[in-house]
Amino acid sequence: MSTPGIPVVISVVICVYTEERWEDIRAAVASVRAQSHPALETLLVVDHHPALLDRLAREYKADDEVRVLPNAGPRGLSAGRNTGIAASRGEIIAFLDDDAVAERDWLRRFADPYSDPRVMAVGGRCEPVWSSGRRPAWFPEEFDWVVGCSYRGLPPGRVRVRNILGGNASFRRTAFDIAGGFAGGIGRDGGKRPMGGEETELCIRLGQARPDAILLVDDRAVIHHKVPAAREHFGYFRTRTYAEGLSKALVARSVGTGKGLESERRYTTRVLPAGVLRGLRDLVLARPGGAGRAGAILAGVLTAAGGYVVGSVRARRNGTAFEVVPIGAVAGEERAV
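Our subject in this report is the structure included herewith.

Regarding the overall build of the chain
Counting its regular elements, the chain contains 11 helices and 11 strands. Relative to the 2.2 N^0.38 estimate, which gives 20 Å for 337 residues, the radius of gyration of the chain is 19 Å and therefore close to what a compact globule would have. Oriented by its inertia axes, the alpha-carbon framework of the chain measures out at about 60 × 45 × 45 Å. Buried positions account for 52% of the 337 residues belonging to the chain. For the chain, the share of sequence-separated contacts (at least 6 apart) that also reach a separation of at least 24 residues comes to 80%.

Observations regarding the packing of helix α6 (residues 198-209) against helix α7 (residues 234-255)
Between α6 and α7, the least distance of the axes is 10 Å, while the angle of their chain directions is 15°. Here α7 runs roughly parallel to α6, going by the angle between their axes. Judged by the sense of rotation from one axis to the other, the crossing of α6 with α7 is right-handed. In this structure, α6 uses Thr200, Glu201, Ile204, Arg205 and Gln208 to contact α7, whose residues at the interface are Lys248, Val251, Ser254 and Val255. Looking at the contact of α6 with α7 residue by residue, the class counts come to three nonpolar, three polar and three charged.

Considering the side chain of glutamate 244
For glutamate 244, the location among the structural elements is in helix α7. For glutamate 244, a relative accessible area of 11% corresponds to the buried category. If near-sequence neighbours (up to four positions away) are discounted, glutamate 244 is found in contact with Trp145 and Gly196.

Topic: the pairing of strand β10 (residues 214-227)
A large share of β10 lies buried, amounting to 10 of its 14 residues. Relative to β10, strand β7 (residues 158-160) runs antiparallel, the two being bridged by three bridges. Directly across from arginine 158, in β10, lies its bridge partner aspartate 218.

Description of the packing of α7 against helix α10 (residues 290-318)
Running from N to C, α7 and α10 cross one another at 40°; their axes reach a closest spacing of 7 Å. Between α7 and α10, the interaxial angle falls into the category oblique. Between α7 and α10 lies a crossing of right-handed hand. Classifying every residue of the contact of α7 with α10 gives 12 nonpolar, eight polar and five charged.

Quick look at the pairing of strand β1 (residues 10-16)
Among the seven residues in β1, seven count as buried, and that is most of the element. What you see with β1 is no split at all: Ile10, Val12, Ile14 and Val16 on one side and Ser11, Val13 and Cys15 on the other are buried throughout. Relative to strand β4 (residues 92-96), β1 is paired through four bridges, and the arrangement is parallel. Across the sheet, the residue bridging to valine 13 is phenylalanine 95, located in β4. The pairing of β1 with strand β2 (residues 41-46) spans six bridges and is parallel. The residue bridging valine 16 from the neighbouring strand is valine 46, located in β2. What joins β1 to β2 is helix α1 (residues 22-33), and the crossover it makes is right-handed.

Some points on the pattern of salt bridges
Counting across every chain of the model gives 26 salt bridges. Residues arginine 26 and glutamate 59 are paired through a salt bridge, measuring 3.0 Å at the closest nitrogen-oxygen approach. Here glutamate 59 lies in helix α2 (residues 50-59) and arginine 26 lies in helix α1, a separation of 33 residues in the sequence. Each of Arg281, Asp282, Arg287 and Arg293 takes part in one network of salt bridges that share partners.

Remarks on the packing of aromatic side chains
Tallying each qualifying case throughout the model produces 16 aromatic pairs. A centroid spacing of 6.3 Å and a plane angle of 70° characterise the contact between phenylalanine 95 and phenylalanine 171, whose relative ring orientation is edge-to-face. Here phenylalanine 95 is found in strand β4, whereas its partner phenylalanine 171 is found in strand β8 (residues 168-172), with 76 residues between them in sequence. Here phenylalanine 95 matches phenylalanine 171 in class, with each residue buried. Here the aromatic rings of phenylalanine 143 and tryptophan 145 are separated by 5.5 Å at their centres, their planes lie at 35°, and the arrangement is tilted. Cluster of aromatic residues (ring-pair linked, three or more members): Trp130, Trp138, Phe139, Phe143, Trp145, Tyr151, Phe234, Phe237 and Tyr267. When the ring centre of tryptophan 22 is taken as origin, the NZ or CZ atom of arginine 55, which lies over that ring, is 3.8 Å away.

The rules we used
Residues numbered from 1 in each chain as written. Predicted model: local features only at pLDDT ≥ 70, side-chain atom pairs only at ≥ 80, totals over all residues. Heavy atoms only, no water. Helix = DSSP H or I, 4+ residues; strand = E, 2+ residues; numbered from the N terminus. Rg over C-alpha atoms; globule rule 2.2 N^0.38 Å. Buried < 20%, exposed > 50% of the residue type's maximum accessible area, 1.4 Å probe, protein only. Contact = heavy atoms within 4.5 Å. Axes fitted to C-alpha atoms, helices over the stretch in contact; angles between N-to-C directions. Parallel < 35°, antiparallel > 145°, perpendicular 65-115°, else oblique. Left-handed = near helix turned anticlockwise from the far one by under 90°. Nonpolar A, V, L, I, M, F, W, Y, C, P; charged D, E, K, R; others polar. Pairing = 2+ DSSP bridges. Right-handed = clockwise from strand over helix to strand, strands pointing away. Salt bridge = Lys/Arg side-chain N within 4 Å of Asp/Glu carboxyl O. Phe/Tyr/Trp six-rings, centres within 6.5 Å; stacked < 30°, edge-to-face > 60°. Lys NZ or Arg CZ within 6 Å of the ring centre and 35° of its normal.

What follows is the structure, encoded as structure tokens:
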């Protein structure tokens, strides 16, 4: 528990997997080093890429505040995060995407709410940085989660939520003692489909294990997330929304349909219809992209729903392959590497 007047000690975990993001990784680490609330350490967890592991180890050899270590579990983001949690020393563990940079007060905004012992997690706002220099005219803000960013429809300010976004997140260490780590088999694993949902599943599982737990999003804890050119195209939009449907089926299988789709019901019945109407209004007013945004929202709903149906059928037929690994077990594996 955080004690008033004593600084909150935060470890930052950045999971990395490709040398193609070398400059992005260095920028992410530099943004952590520049925080107004200093991090105890930055842990770079390398996902089964020996060349990148060696290169990063050489890059930060003389830096006592940066630790480079291999993913101690199977390939994938969940195992990488669990490795970082097990190796970290802070009472709070924050997560930053490897292609994002944090604003100067990012960790300070995370630290403030933890004076309340019921607060188990705090997330922030992710702003897209489009490779083309601007948002594609057809791309609806309601679907910014497709590119790993905060989307239109989220409540403003510091508010209580069901789950936080994994690329800009922090958790109290004891949250992992209560609920276990990120589930393997959900989320990114190096495969062709851009899956997700691992942080949603964890947050719901945490709330079930600790009903009085408070999870917050503070939109002043800002990171800027790079959107590669390939993700600005409708083909990726369609692929990602379908994969999200598959992921939601796994989440619902793990924690139950009621909690697994609680926030999504409001999103699909209120936020998205309002987005379609705005797009049609812009079409009538001859504003660029109105028809495209309305069409993209409808297409996104249909492809996500299709993915959910397919994922649900597969889960019932084949069972689920994911598992929750205790962080203590990961710590043993990490020490053995």
